[in-house]
Structures are given as structure tokens and as C-alpha cells.
Amino acid sequence: MFWRMITKTLIRQKGKMLMIAFTVVLGVSLSTAMMNVMLGVGDKVNRELKVYGANITVRHKDAALMSDLYGQGVSDKFLHEDDVLKLKSIFWGFNILDFAPMLEGHAELAGAGDVSLLGTWPEKHAVLPTGEDLHTGLKSLRTWWEIDGEWLNEDENNSVMMGHLLASRNNIHVGDNITLAGKSFHVKAIFNDGGNSDEKILMTLPALQEIMNLPGKVSTIEVSALTTPDNDLARKAAQDPRSLSPEEYETWYCTAYVSAICHQIQEVIRDGVAKPVRQVAESEGTILNKTTLLMILITILSSIGSALAISNLITASVIERSQELGLLKALGAYNWHIALLVLVEVMLTGLAGGVVGYFLGIGFAQIIGQTVFGSYIEIARMVILIVAVILFFVTLFGSIPAIRYLMALKPTEVLHGK
């Protein structure tokens, strides 16, 4: 009898039930899309922010100390080039996207005097012991550079790229040959960095190591890594990892905090000190937190909107059926019987709308992923449970005004048309 009454009500009130289902579809689809994007957006936002350069720098511990104390830019302490590829061997090696070793120096440019030189890996291809095919270099870290010409290849030791300020001051153009430290180099490109590098000459690392007579040495390593925004544990560890309890240390070490990645880098780079570039690292965490907060707010607001719409529709439906429900009360039905009847009707309608809304939300998430990040959003299974809980409470709270109306309903009044 109970289910027969529900079936007949759903058929008789199909217009309002379809409106309730449509409201649920809109709310659930938006919530599903936002939560899937929120859970899958972290790495994608970080990858988007990598266009602004490295977020970790590695220097020799003595050079870093002298720089902190006296602001010296050039030191006679160097790192080892053969340690650089070990960056991919740390616990969070897969989170390290790009890196490039740097060697700074000076030499005489014919007709221009002493100039600053920067040796690096413009591009680097290698196969790691794990079998991973590595492609990295400064080209991946300086995506904002304006290039007139072409980037150096990793084996072009007789070519250079010139900063545009240095080139314009000395009337040097792409295709010219220059004499540097008594050796001829071909100018393959002129770059515009918008910073101090515009006064420098960029060349391959082996070429500058030969000029400086520093085989196998590098000054710094720039690293671009995917990181997790800092919290109290990360900030405590950044001060002194030894202050952590064993449980805290394990949690910190196994989470991609920038301080944890820096700590692991120091474990594989001899005499190296890794420090985050705070402007970049903190901006990434701030943007990611604000993006997550925005997704949560949209989900909450859409749920509130759905609850209000459902409340109006259910109340209107109950008012239309007041004589029917009053008759049930007159025949001996308790308030909770009638409330259960209405709730089951609404829950079944909401369930149907929720299933449709979930799959529609997955489609919306993929559209957002392709439009904003150029890739698909990974579907999180836990969203199903979250959506189910949201749907239950939205439907429940949306039904409260109608249930209150039912509780106050007097059979004698409604049956007499009052």
C-alpha cells in the first residue's frame, strides 16, 4: 500500500517531481564538477605556475653562507655537475619537473671589455638508471623569454645567446660572430629576459667550464618542483627538522612540502644547500588555497540554492495534496507516517536527479579541465560519497518547511475546504 501510494503520487505529480529532479540535477552536476576539479586541480595549477620559473635553488653551502652574510654573487665554491641528475632519485623525484645547472663567470668580449657569462644546459636529454627518459634544461625554465633566433642545442659549444641590452649596446645581431676569451662564437639568438640576464651571454655549460677551467663544476642548480602548500608542520620542519617527533618527521618527509623536497635534495647533492624561492613557492600555495576555497564556496552556494528551490517545490506539492494528506490523518495515520511518505517521494526523485547530475557533472569537469588546463580531470571516487551525503542533506533540509506544514495540518479544516 505504501509503495503504491508513492508510485501514484509520482505519476500524478510528475510535473513538480520533474522540476525537483531538474533542480537536483543542476545542483549535483555543479557540485560534482567543482569537487572533481578541486581534488584534481593541485598539480595542474602548480604546473601552470611553473611558467614563472624555478621555485628551488641549490648552491654550495659555503657560497650560500657568504651570499647570505655579505651578498656576494660569485664564489670559489662549486657543486659537482655529475650530482645534478641525482635530483630525480629522491623520494619526490617525480615531482621535480625541470632543472638546470648554472655556472657564472666573466671573460673579455672583443671590443666590449669584461662581460658576464652564464653556462647551463639549454636542453638536456638523458636516460636515468631507472629507465626514465629525461628531458630538461633552461629552455623549460625560461618559457617567458622573448627569443630572436633559436635556442641553443645541448652540444652547440661554439654558439651563444646574448642578452638584448648587451647586444644592442655593442651592435651585435643574430648570425654575427664574436670573440670571447680569445675564442670565436656564433650568435645564434638574442633573448629578452626583462632582468639582469639581459646583460649576460648564455652558452652551454661545457663551453664555459672550458673558459673558466672548471671542468665538472657548477655554481647553482635551479629546480622547478610540484609542491604542497605549507602548513604548521611544514613551517616547523623548515626551522629545524630535528625538532619533529618520529611521527611528524615521517609525515613531513612523505609529503611534498617545499621544505621536505629541499631536505631530500641536500641528501643527494654533495655540500649543497637547497632553498625555496619564497616569492614563487608561497605564491603557488596562496593561489592553490584560494582556488580550492573558491570551489568549496561554489559547491556550498549551489547546495543552498538547490535546498531553497526544493523547499518551495515540495511545499507547493504538499499544499496541493493537503486534502489527501488530511484524509490520511483522519483515517488514523500519524504525523511521522505522512512525513515518511513525503520524504521517500522526494528522496526517490532526488536520487534519480542525482544520478543524472553526477554524470553530467563529470562532463562539466572535463570541459573545465580541457578549457583551463588543457588536460582531462581525473575522476575521484570519493566524490560519489560526498555528493550522496550532500544530496541527502539538501533534500532533507529542503523538506523541513513542508514537513512543518504537515505537522500543523488539521484534518477537519482541510476536509471542509478551509
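Just above, that's the structure.
Residues numbered from 1 in each chain as written. Predicted model: local features only at pLDDT ≥ 70, side-chain atom pairs only at ≥ 80, totals over all residues. Heavy atoms only, no water.

Undergrad: Sorry if this is basic, but what is going on with the overall build of the protein here?
TA: Looking only at helices and strands, the protein has 14 helices and 14 strands in total. Counting over 418 residues, the protein shows a buried share of 47%. When the accessible surface of the protein is totalled, it reaches about 21,100 Å², and 60% of it is carbon and sulfur. (Helix = DSSP H or I, 4+ residues; strand = E, 2+ residues; numbered from the N terminus. Buried < 20%, exposed > 50% of the residue type's maximum accessible area, 1.4 Å probe, protein only. Areas by Shrake-Rupley, 256 points an atom, 1.4 Å probe, with all protein chains shown as cover.)

Undergrad: What should I look at first to understand the nonpolar core in this one?
TA: The nonpolar side chains of a soluble globular protein tend to be buried with one another. Judged by nonpolar contacts, the single largest core of 46 residues is most densely connected at Ile56, Met162 and Ile201. Top element by residues in this core is strand 3 (residues 96-109). It accounts for 5 residues. Contact partners of Met162, with chain neighbours within four places excluded, come to Leu109, Ala167, Ile172, Ile178, Val187, Ala189, Ile190, Phe191, Lys200 and Ile201. One finds Ala307, Val346, Ile362 and Val383 within the second-largest nonpolar core, a separate group that totals 26 residues. (Core = buried A, V, L, I, M, F, W, Y, C linked by side-chain atoms within 4.5 Å. Contact = heavy atoms within 4.5 Å.)

Undergrad: So what exactly am I meant to see when it comes to empty space enclosed by the protein here?
TA: Gaps left between atoms show up when a probe the size of a water molecule is rolled over them. In this structure the tally under the stated criterion is 3 cavities of 30 Å³ or more. Put simply, the largest cavity is a space of about 100 Å³. Around the largest cavity, the lining comprises 13 residues; the ones closest to its centre are Gly27, Val28, Ile390, Leu391 and Val394. Going through the elements one at a time, helix 2 (14-49), helix 10 (278-320) and helix 13 (382-407) are the ones with two or more residues in the lining of the largest cavity. When the residues that make up the lining of the largest cavity are grouped by side-chain class, the tally is 8 nonpolar, 5 polar and no charged. (1 Å grid on protein atoms, 1.4 Å probe; cavity = no way out; pocket = protein on both sides within 12 Å on 5 of 7 lines; lining within 4 Å. Points joined across faces, edges and corners; volume = space filled by probe spheres on them. Nonpolar A, V, L, I, M, F, W, Y, C, P; charged D, E, K, R; others polar.)

Undergrad: I'm lost on the environment of Met34 in this one. Help?
TA: Relative to the assigned elements, Met34 resides in helix 2. Linking Met34 and Met295, residues 261 residues apart in sequence, is a C-alpha distance of 5.5 Å. With residues near it in sequence (within four places) discarded, Met34 still touches Met295, Ile298, Thr299 and Ile368.

Undergrad: Help me out: how do you make sense of a nonpolar patch on the surface in this one?
TA: Together, Leu293, Ile296, Leu297, Ile300, Leu301, Ile304 and Leu308 make up a nonpolar patch on the protein surface, roughly 650 Å² of accessible area in all. On the secondary structure map, Ile300 appears in helix 10. You can call Ile300 partly exposed: its relative accessible area is 41%. (Patch = residues over 30% accessible without salt bridge, like charges linked within 9 Å, V, L, I, M, F, W, Y side chains within 5 Å. Salt bridge = Lys/Arg side-chain N within 4 Å of Asp/Glu carboxyl O.)

Undergrad: How do you make sense of the pattern of salt bridges when you look at a structure like this?
TA: For side chains bearing opposite charge, pairing can occur when the charged atoms are close. Applying the stated criterion across every chain, the model contains 13 salt bridges. Between Lys88 and Glu132 there is a salt bridge, with its nearest N and O atoms 3.6 Å apart. Taken together, the positions of Lys88 in the loop between strand 2 (79-80) and strand 3 and Glu132 in the loop between strand 5 (124-127) and strand 6 (133-136) put the pair 44 residues apart, joining distant regions of the chain. On the accessibility criterion, Lys88 (13% relative accessible area) is buried.

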